[in-house]
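# Working through the structure, step by step
Listed below are the residues making up each chain.
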Amino acid sequence: MDSVRGPGFRAAAVIGCVVAGLFLARASPAQAPADGPAAHAWDGGWKAGLGEEPARETVSSEAMVVAAYAALWVLLLLYVVRLSMELKALRRDTEELRRRLDEPGKS
Amino acid sequence: MRTGWFEDVKNPVAGLAVAAAVAVVAALVAVFFVAPREATLGISQKIFYFHVASAIHMMVLFALCGLCGLAYLGMRGRPGRWTAVVDGLGVAAAEVGVVLGAVVLVTGPLWARKAWGTWWTWEPRLTLSLMVFLLFLAYLALRAFAGSDRFGRGVASGLAVVGLPALYFIHFAVERWGGAHPQVVFKGGLQNPDMQVAFYASLLAMSLVSATLVVLRLRIERLKGRLDALYLALDRRSPGA
Amino acid sequence: MRTLGQFVAVLRKDLTIEFRSRDILYPMALFSFLLVVVFSFAFLSDPAKARDYGPGIVWVTVLFSSTVGLNRLFDRERENGCLWALLLGPVPAGAVFAAKVVGHLLFTGLMEALTLPLVLLFFDLPVVDVPAFLAAVALGTVGVSLVGTLFSAMLMNARMKEVLLPLVTYPVLVPVVIAGVKVTALAVGAPLAEEPGPWLRFLAGFDMVFGVVTLLLFERMVRT
């Protein structure tokens, strides 16, 4: 801010402020682990919750896998189709404009 | 019309697309035939591979979008080739990121239903993915509605830049939100070398797929720029038309 | 300390205009009051559960009402191109930004002083830990004002800015809401195995980082 102190001071202040803020937000003393069922709803591993509560599920795992991979490829495919349509329209417009640009230029 | 490498590259997509297709097939083979069935989760664990790969690439694309925003603002939006490249890359990263985010948010619940017995929990990584998705959508909304001129691009770049520290804070907030202690993704998982092969194969496949899509989107942006230039040229030639 | 003087001058200009026209404060206070009344009808079915959703209502009220102020914040500057005139003068952009943030902070603070007691009253929330509650409201409002003012300025000329502003600011402000709700819940004596301290430090860190980031982005945007 202050022109008296020059750009070096400013850069140092900016970096110091950001680093201190990031650290301040992050640094926390080890918190007491919350008791109760909510704290164990998941524990971060991808197998979490299996032990105490087996998945109450009627849909088969195979269906889930098929659905997941179908969704993955359908979403990607839809995006590719959208892109290619856009590309086609752009090409057509470009050609059209080129043509119109050439015609009156000669006449 | 003088053209530089950005405007002139003939077809960079084809090679990438072929590589991506090969990698995808290889990864699918690795996931379904090489990697063993997971003991407790059974076959539903197969969702994990592409789900996590998509999530990682969504984050990478978000970081890329933020860096592009930073670079765009660094160039002060002055019209020029590099500004166009950086700006186009930002949009491309955001759009592909939204697609990957949709993939993550659809496959995630399917897998969570089997692993945790619920479609959706406010689990930190899930919440973080949702927030990245929302930030991407806001970025694209800005690009769509705040105008595609220099001003609109500047605003969107500003959001992309603010999004980087925002993500840091969202990460720590949701992590502490439930009062639970999250662990690293791979803790206790994927010790099996075949599973690791499948995971890294799907990671590679997704990075090739997203690279292909980003390059394709970048080409469209380049064509749009060329089209604008043609409109301007036409307007100069016959101002009345 | 010329910058400080310029900051004060811009702030005084804004406050003078506001206290003569009141076109930010009135709508904001009225809107937040109505919001609290609507929330009361929507949620007050079981008074025993008020402690569960009361903290959330405090923060939704703060967020929504401050957005009403943000939408109007740069209207005056836009109408005659005043902001550019202001920035063309020998005033650093940072001083203008700081004045705008502090102005919005004051308006929002006044609104909160009127509305939050009503929330606490209507939802029967006894604030046990008053310093923590006040600190959370203060730090959270600073975060909202910083991010909100930046995007309010950026979207000043945008076509759909009333819609775009919350769309853009709310995802960024999610950490503030999470931390604010947590501290408020602790302050009204919710049985959580946590301390408000780390969350308050989190809010302070958010304000520090976004104070610097938004200031730099505003300066950069002005020059773009």
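Since the model is a prediction, treat every value here as computed from it, not as a measurement. (Residues numbered from 1 in each chain as written. Chains lettered and ligands numbered in written order. Predicted model: local features only at pLDDT ≥ 70, side-chain atom pairs only at ≥ 80, totals over all residues.)

Per the secondary structure count, chain B includes seven helices and zero strands. Going residue by residue from the N terminus, the α and β elements of chain B occur as α-α-α-α-α-α-α. Among the 241 residues that make up chain B, the fraction classed as buried is 48%. By sequence separation, contacts in chain B at least 24 residues apart represent 80% of the contacts at least 6 residues apart. (Helix = DSSP H or I, 4+ residues; strand = E, 2+ residues; numbered from the N terminus. Buried ≥ 20, exposed ≤ 12 C-beta atoms within 10 Å, placed from the backbone. Contact = placed C-beta atoms within 7 Å.)

For the rest of this paragraph, the subject is the environment of Thr184 of chain C. Residue and element names in this part refer to chain C. The residue Thr184 is located in helix H8 (residues 161-187) in this model. Separated by 130 residues in sequence, Thr184 and Gly54 place their C-alpha atoms 8.7 Å apart. If we skip the residues at most four places from it in the chain, Thr184 touches Pro55, Val58, Trp59, Phe133 and Ala136.

Taken together, the contact between chain B and chain C spans 28 residues of the former and 27 residues of the latter. Of the residues forming the side of chain B that touches chain C, the biggest block, 15 residues, is contributed by helix H6 (residues 150-177) of chain B. Taken together, the residues of the side of chain B that touches chain C sort by class into 22 nonpolar, five polar and one charged. (Nonpolar A, V, L, I, M, F, W, Y, C, P; charged D, E, K, R; others polar.)

All names here are of chain B. Averaged over every residue, the pLDDT of chain B is 79; residues scoring 70 or more account for 85%. Model confidence for chain B, summarised as mean pLDDT per element, is weakest for helix H1 (residues 5-8) at 44 and strongest for helix H3 (residues 47-74) at 89. Taken together, the stretch residues 1-9 has pLDDT below 50 and engages in eight contacts with residues farther than four places along the chain or on a different chain. Predicted confidence is poor over residues 179-188, with pLDDT under 50, and the contacts of this stretch with residues over four places away or in other chains come to 17 contacts. (pLDDT = per-residue confidence, 0-100.)

Let us now look at the packing of H3 of chain B against helix H4 (residues 81-115) of chain B. All names here are of chain B. At their nearest, the axes of H3 and H4 sit 7 Å apart, and the two run at 155° to each other. Here H4 runs roughly antiparallel to H3, going by the angle between their axes. The two elements H3 and H4 cross, and the hand of that crossing is left-handed. For the contact of H3 with H4, the class distribution of residues is 22 nonpolar, ten polar and one charged. (Axes fitted to C-alpha atoms, helices over the stretch in contact; angles between N-to-C directions. Parallel < 35°, antiparallel > 145°, perpendicular 65-115°, else oblique. Left-handed = near helix turned anticlockwise from the far one by under 90°.)

Turning next to the packing of H4 of chain B against helix H7 (residues 193-237) of chain B. All names here are of chain B. Direction vectors running N to C along H4 and H7 enclose 135°, while the axes themselves pass 8 Å from each other. Considering their axes alone, H4 and H7 lie oblique with respect to each other. The handedness of the crossing between H4 and H7 is right-handed. Here H4 contributes Ala84, Gly88, Leu89, Val91, Ala92, Ala93, Glu95, Val96 and Leu100 to the contact with H7, which in turn contributes Ser210, Leu213, Val214, Arg217, Leu218, Glu221, Arg222 and Gly225.

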